[in-house]
There are 2 protein chains.
Amino acid sequence: MKNRIIAKYLIETAHPVEKAVAVLAGEQSSGTFVKVPGETAELTEKYGAKVESIEILGESTTPYLNDSKPPKGVAQAIFQKARIEISWNYDNVGANLPTLMATVAGNLFELSQFSGLKLLDIELPQTYKAHYSGPKFSIEGTQKLAGVHQRPIIGTIIKPSVGLSPEQNAEQVKTLIEGGVDFIKDDELMADPPHSPFEKRVQLAMYQINKYADATGKKVMYAFNLSGDLDDMKRRHDIVLKNEGTCIMMSLNWVGISAVHQICQFTQLPVHGHRNGWGMFYRPELMGMSFPVYKKIFSLAGIDHLHTNGLRNKFCESDESVLNSIRACQSEAGGSYKVMPVISSGQWADQAADTYAKVGNADLMYLCGGGITAHPDGIKAGVESIRIAWEEGMKGNQLQDIAHKYPVIQKALAFYGK
Amino acid sequence: MKNRIIAKYLIETAHPVEKAVAVLAGEQSSGTFVKVPGETAELTEKYGAKVESIEILGESTTPYLNDSKPPKGVAQAIFQKARIEISWNYDNVGANLPTLMATVAGNLFELSQFSGLKLLDIELPQTYKAHYSGPKFSIEGTQKLAGVHQRPIIGTIIKPSVGLSPEQNAEQVKTLIEGGVDFIKDDELMADPPHSPFEKRVQLAMYQINKYADATGKKVMYAFNLSGDLDDMKRRHDIVLKNEGTCIMMSLNWVGISAVHQICQFTQLPVHGHRNGWGMFYRPELMGMSFPVYKKIFSLAGIDHLHTNGLRNKFCESDESVLNSIRACQSEAGGSYKVMPVISSGQWADQAADTYAKVGNADLMYLCGGGITAHPDGIKAGVESIRIAWEEGMKGNQLQDIAHKYPVIQKALAFYGK
């Protein structure tokens, strides 16, 4: 559909589905609760949202959320589930990410007709990419900058997440880079707190990284979490740049779309997008939104990396959902940009082979916290176990089959696999 | 608790509650899925999150969300609900709204121990207000600027929400101000689209508003929706200022905390905070967050007005929830600022008396879309019906009791009350 914005939803309603969906389309374009002067047929034709399709999926007598308002006078409400598609004229919105979200994910979630409503996906006209230039590095640019090709960028998170002084942090950085990681990130809990001032943390960490790079030619990428007020983020960005850092990180949901976009425009470094808080958006089956929407919005805003969880993670997310997210990151579908998927959460050598088998490539970051640092033989062995697991996994070999060849894998299996 | 950040949650878990809550506290401070070097007792004592209280509320065999992971080997999981309180050392975070959110509302929502988790409230040390100066106008400043005292600011939303040209928009503004409204706002769907360029819309609307103000001394406040990319928002802000506008509006969830804060710092005008999309955050009983958290965060970011829905609204929100939101707006509790509550959604003369009776004051905005513009005798009669309903409502009189005295009330009752 030329120059139209499309959104797909999963809905549940006790009202006639067509009527409920018409209310949604009205509310999100020209509607109010009574017809008002000026709402002409011509205006509605041009700017009214159009219901493109309705696919009924099934029904139940139990609503997903119990606060909707079924039709009056119905003794036993029947709640129907449906997948629907709505479209809007691009001219309703223009190229404007926050107002796009107000349109496809605005007041519709509280409409009393719906006992459940989830935004599954969006498709945007090419005018969005024409306005939003997207990631400056994305997958290839990051691989080039990190000097890692044909395999995942292996990384870790500084742990404990909070409490280390800049000096202790730098000590850990030294150990991690000597251990052979490609990538290190701050925890999302750590930005610029009194006990670990950002500038000092960057200076001391980059001293270790630069020293190692000078000696070996290997420059480890460190994503410094500069999340905060906008002017502070710009100041922190410049500190990273001055100290020759090569990556910055933001908490996407809490920095927010407009400031993320501003920093992405402003920076000369890849932007590591952290999705903490995302659980509340995606976890309810019939409320909130799905990952492809999120990825499309933030890739247009210009981030380069985006967290996806990993297989057999410590959270609630299923492997199927994780794989959909990884694939969404690696795709330009729906008028968006590719970003580097960042695998994490309870990852160790274990998930490498399966991740490769399911994803079909190694264009990703593979982050292990305890999966590296808690290895019984230390960090170097931890990194080695991940590297070997991926090398062998990319040949189709599982850990059990290779453990006899590699003590670090054997130890990892014995420790993490118990 | 001196200099500690406190968060209150409603949780549900099939694990021993104390253990599950300890995981949450660990994850949000010093934890990973296995103990790592550097996680010393001293560090944990200082920077570990503390479980302040656990109040068990009840149990069920059916989980709220069905994707959590009950303890292994348990035949029939029992899901316990509890209200819990966690605290953090201020030094973990510092005064940093996005990182505060990463701490109290970050990765915890997907922890596999929880079949439900909602952030109910937060309390912040005074250091937050010392850093974040809050709203420049808030309730009193807005009343003064709008020239409205001892009664609500009566307003309306331009409808249809989208599709009007700047000329048509200005025509409606003229009718509305002649009708006697105090306040007009753009719909959240309308920012700076091709069919209604922002600058033109502001110029033509402000021409009407300024002309009327020159003639009568009454200057209607218009909240222009400048939501979008940050540089665009600044440019749009200056357009409003140049045309002598007195209010700007943003879609809070989609502009995001850091850019909202930046615009609030930058502006000389009251900021009208629109919460579209909020439904997905608050609607699930056991996922997401509650309004007091939201209000605290955005009041610190500096907004002046915040939408709350109204009594008997067209959405799913209960009157009790609406009243809690209005009260939260009018309070400084928990280290935050007062903001002007904005009542809207399906409002007409009907809800005035009850709103006053329950809230106990008229320090609010009362917005009616169709409730003004669809009045059978026209907009002027619509505004008059609201004004009278509030005047009489503040004396304790319901519409039924006064309808015989006022034709506009009689007509409103007959039309909207059917």
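This section reports on the structure supplied with the text. (Residues numbered from 1 in each chain as written. Chains lettered and ligands numbered in written order. Predicted model: local features only at pLDDT ≥ 70, side-chain atom pairs only at ≥ 80, totals over all residues. Heavy atoms only, no water.)

### Considerations on the relation of the copies chain B and chain A
For the pair chain B and chain A, the superposition axis carries a translation of 0.0 Å, the fit reaches an RMSD of 0.0 Å, and the rotation angle comes to 180°. Given the turn and translation reported, the copies of this chain are related as if by a two-fold rotation axis. The position closest to the rotation axis in chain B is occupied by the C-alpha of Gly256 of chain B, lying 1.8 Å away. The overlap is high: 100% of the interface residues of chain B also sit at the interface in chain A, so the same surface is used on both sides. (Least-squares fit on C-alpha atoms with pLDDT ≥ 70 in both. Contact = heavy atoms within 4.5 Å.)

### Structural notes on the interface of chain B and chain A
Contact residues are listed per partner, giving 98 residues for chain B and 99 residues for chain A. Buried area between chain B and chain A, both sides added, is near 7900 Å², and the carbon and sulfur share of it is 58%. Of all residues in chain B, the largest losses of buried area upon contact with chain A belong to Glu110, Trp254 and Arg283 of chain B, amounting jointly to 11% of the total for that side. At the junction of chain B and chain A, the tally comes to 4 salt bridges. Residues Asp67 of chain A and Arg283 of chain B are paired through a salt bridge, measuring 2.9 Å at the closest nitrogen-oxygen approach. When its residues are assigned to classes, the side of chain B that touches chain A shows 42 nonpolar, 39 polar and 17 charged. (Buried area = accessible area lost by both parts, 1.4 Å probe. Salt bridge = Lys/Arg side-chain N within 4 Å of Asp/Glu carboxyl O. Nonpolar A, V, L, I, M, F, W, Y, C, P; charged D, E, K, R; others polar.)

### Quick word on the pattern of salt bridges
Residue and element names in this part refer to chain A. In this structure the tally under the stated criterion is 43 salt bridges over all chains. Salt-bridge contacts for Asp182 lead to Lys218; the nearest nitrogen and oxygen are separated by 2.5 Å. With Asp182 in the loop between α6 (166–179) and β6 (183–185) and Lys218 in the loop between α7 (198–216) and β7 (221–225), this residue pair connects regions lying 36 residues apart in the sequence. Take Asp182: its relative accessible area is 0%, and that puts it in the buried class. The partner of Glu392 in a salt bridge is Lys405, and the shortest N-O contact between them spans 3.4 Å. Of this pair, Glu392 sits in helix α16 (residues 379–393) while Lys405 sits in the loop between α17 (399–402) and α18 (407–416), placing them 13 residues apart in sequence. Given a relative accessible area of 47%, Lys405 falls into the partly exposed group. Taken together, the salt bridges that share partners define one network made up of Asp192, Asp232, Arg235 and Arg236. (Helix = DSSP H or I, 4+ residues; strand = E, 2+ residues; numbered from the N terminus. Buried < 20%, exposed > 50% of the residue type's maximum accessible area, 1.4 Å probe, protein only.)

### What about unusual backbone geometry?
All names here are of chain A. Cis geometry marks the peptide bond from Lys159 to Pro160; its omega dihedral reads -5°. Counting through the fold element by element, Pro160 comes out in the loop between β5 (153–157) and α6. Even without a glycine there, the phi angle at Gln150 is positive, about 65°. Secondary-structure assignment places Gln150 in the loop between α5 (138–146) and β5.

### With respect to the sheet that holds strand β12 (residues 340–343) of chain A
Residues and elements named next belong to chain A. What the 8 strands build is a closed barrel, ordered β5-β6-β7-β8-β9-β11-β12-β13; its pairing is parallel. Each strand axis lies, on average, 25° off the axis of its neighbour in the sheet, ignoring direction. In terms of strand pairing, β5 meets strand β13 (residues 365–367) through 3 bridges, oriented parallel. The partner of Ile153 across the bridge, within β13, is Met365. (Pairing = 2+ DSSP bridges. Axes fitted to C-alpha atoms, helices over the stretch in contact; angles between N-to-C directions.)

### Section: the packing of aromatic side chains
Across all of its chains, the model carries 29 aromatic pairs over all chains by this definition. Ring geometry for Tyr128 of chain A against Tyr132 of chain A: centres 6.1 Å apart, planes inclined by 20°, an arrangement best described as stacked. Tyr132 of chain A shares its class with Tyr128 of chain A; the two are buried. Among the aromatic residues, those joined into a ring-pair cluster are Trp278, Phe281, Tyr282, Phe291, Tyr294 and Phe298 of chain A together with Trp278, Phe281, Tyr282, Phe291, Tyr294 and Phe298 of chain B. One residue, Lys234 of chain A, lies across the ring of Phe266 of chain A, its end atom 5.2 Å from the ring centre. (Phe/Tyr/Trp six-rings, centres within 6.5 Å; stacked < 30°, edge-to-face > 60°. Lys NZ or Arg CZ within 6 Å of the ring centre and 35° of its normal.)

### A closer look at the environment of Met250 of chain A
Within the secondary structure layout, Met250 of chain A lies in strand β8 (residues 247–251). With residues up to four places along the chain from it excluded, the contact list for Met250 of chain A reads Asn225, Leu226, Ser227, Met233, Val255, Val260, Ile263, Val271, His272, Gly273 and His274 of chain A.

### Considering the side chain of Asn276 of chain A
Looking at where Asn276 of chain A falls in the secondary structure, it is placed in the loop between β9 (271–274) and α11 (279–282). Here the side chain of Asn276 of chain A touches Trp254 of chain A through a polar contact of 3.0 Å, side chain to side chain. If sequence neighbours within four positions are ignored, Asn276 of chain A has contacts with Glu188, Ser251, Asn253 and Trp254 of chain A together with Ala102, Gly106 and Asn107 of chain B. (Polar contact = N/O pair within 3.5 Å; in protein donor to acceptor, adjacent residues only side chain to side chain.)

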